[in-house]
Amino acid sequence: MADSKEQEVVELIANALEIDAKSLTLESTSNDVEEWDSLGHLGILADLDKFYDGKISGIREMAQVDSIEKMLQLLKDNSLL
Amino acid sequence: MNVTIKSIEYYLPSKTEDGNTLKKENPDWRLEDIEEKTGVNIRYISAPEQTATDMAALAAEKIFSSGVQKEEIEFLILITQSPDYALPTSACILQDRLGLDKSCMAFDVNLGCSGFIYGLAIGGSLIETGLAKKGFVICSETYTKYIDKSDRTCRPLFSDAASAALLSSSDHNDIGPFEMGTNGAGFNNLILPSSGTRVNDQQADEKKLFMDGSEVFMFAMDMVPKCVTALLDKSRKTIKDIDLFVFHQASKLVIDNIIRRLRLPKEKVFVNYHRIGNTVSASLPIALKDAANGKRLKKGDQVMLVGFGAGYSWGACLVQWSVNL
């Protein structure tokens, strides 16, 4: 179950992918979500960087993260969540 | 010795490709999403028999048609990653094709989207040290020959093009300072595998461009703002002192996010990716020429040029615009 801050990030990801946030869960991966392709991932990175005021572009691992859970964990590891 | 850019010309192949072509050949592509992120509406494609050297000659000839004498050209720097041959050097072939004097230095520089900045630095240094008074920095690429028709990352972005910039000694210096850098740890994220002597057996027939879009995007987002800030600091200037920023025309997504990261006024950033595409090293000189033609640049303007890409390699410099087009 996502807390409110995590839910905010999930909604941001859904918005970047132009899909309904309800269709995403913590377990969702890029393999499960048709819109989460390489272009979709670029949109997520750009929107996250905007949301976190430029702090995402220094976290190179973000380029390869392929699930919501891993993305949230990486944000926590970098004290952004 | 001081250096200036005397003139810039460019050549685009006659064949173009738009979204309809992509959609027809790849019906499963979400073209709206692609065009929204790339911003590219049209791409230029070299003919099968047309090489970077062929296009470079056409761009350079335009400069001669404006009255520059061939014997004045003392160096020819060809920035290309799509040479006619692994050897000999394409610039040597081009020296003969253009009918330049045999005393002309000619060499290739194997750099991608940062190449024009490096060309200005090298050509400018040749003039500053008194080795030459006038020469060409030519950028020419045929990346589309490297791109698989079904490659959704690269095909919607890249165009083929050539540019020729004439550098000359001058009574005033218009180029510099520079800020350059390299991070070879990212070499694998934008690469033409099996294109040199390091061949992976499984990839032996796969001479196709590979780009990890997310990795390259993260590199650009991280490095370009740092590079711009470092150059502003070095030159003791602020964003307010720069009349126009010209970034490598990587894509709409990249440039929009650079603008956001640096909090640049949009009107200070020139873009032409939508009608030219990403032309690799030729992108900056083509944008400069288009900006001047479109009255976005006038004599005396302070321009910041920023190139970044394969390598990873990046570079930025200030140019005082003095070209009367």
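Residues numbered from 1 in each chain as written. Chains lettered and ligands numbered in written order. Predicted model: local features only at pLDDT ≥ 70, side-chain atom pairs only at ≥ 80, totals over all residues.

Draft legend 1. Expanded view of the confidence of the model for chain B. Confidence in the prediction for chain B averages 95 pLDDT; 97% of positions are at 70 or higher. We note a pTM of 0.95 for the whole complex and an ipTM of 0.92 for its interfaces. (pLDDT = per-residue confidence, 0-100.)

Draft legend 2. Up close: helix α3 (residues 52–64) of chain B. Residues and elements named next belong to chain B. Taking 1.5 Å per residue as the helical rise, α3 with its 13 residues ought to reach 18 Å, and the 19 Å between its terminal C-alpha atoms agrees with that figure. Among all positions of α3, only Ala52, Thr53, Asp54, Met55, Ala56, Ala59, Ala60 and Ile63 are buried. Packing partners of the buried residues in α3 comprise β1 (2–11), β4 (75–79), α4 (90–98), β6 (134–141) and β7 (161–170). (Helix = DSSP H or I, 4+ residues; strand = E, 2+ residues; numbered from the N terminus. Expected span 1.5 Å × (residues − 1). Buried ≥ 20, exposed ≤ 12 C-beta atoms within 10 Å, placed from the backbone. Contact = placed C-beta atoms within 7 Å.)

Draft legend 3. Quick peek at the nonpolar core. Residues and elements named next belong to chain B. Within the largest apolar cluster, 124 residues are counted, with the highest numbers of intra-cluster contacts made by Leu76, Ile138, Ala162, Val246, Met304 and Leu305. The element contributing the most residues to this core is helix α6 (residues 213–234), with 10 residues. A domain split of this core shows at least three residues from each of domain 1 (2–172) and domain 2 (176–320). What Leu305 contacts, discounting residues up to four positions off in sequence, is Ile117, Val246, Leu284, Ala316, Cys317 and Val319. (Core = buried A, V, L, I, M, F, W, Y, C linked by C-beta atoms within 7 Å. Domains from an automatic or database assignment.)

Draft legend 4. Molecular detail of the environment of Leu94(B). Residue and element names in this part refer to chain B. Mapped onto the fold, Leu94 is located in helix α4. The class for Leu94 is buried, based on 25 C-beta atoms found within 10 Å. Expressed as a C-alpha distance, the spacing of Leu94 and Met105, which sit 11 residues apart in the sequence, is 11 Å. With residues near it in sequence (within four places) discarded, Leu94 still touches Thr53, Ala56, Ala57, Leu76, Leu78 and Ala106.

Draft legend 5. Broad picture of the pairing of strand β13 (residues 302–309) of chain B. Residues and elements named next belong to chain B. Counting buried residues along β13, seven of its eight residues qualify, which places the element largely inside the surrounding structure. Sheet topology places strand β11 (residues 244–247) next to β13; four bridges connect them, and they run parallel. When the sheet's bridge partners are listed, Val246 is paired in β13 with Leu305. Of the pairings in the sheet, the one linking β13 to strand β14 (residues 313–320) comprises eight bridges and is antiparallel in character. Its bridge partner being in β14, Gln302 is matched across the sheet by Gln320. Linking two consecutive strands that pair antiparallel, namely β13 and β14, is a turn of three residues; a positive phi of about 145 degrees is found at Gly311 within it. (Pairing = 2+ DSSP bridges.)

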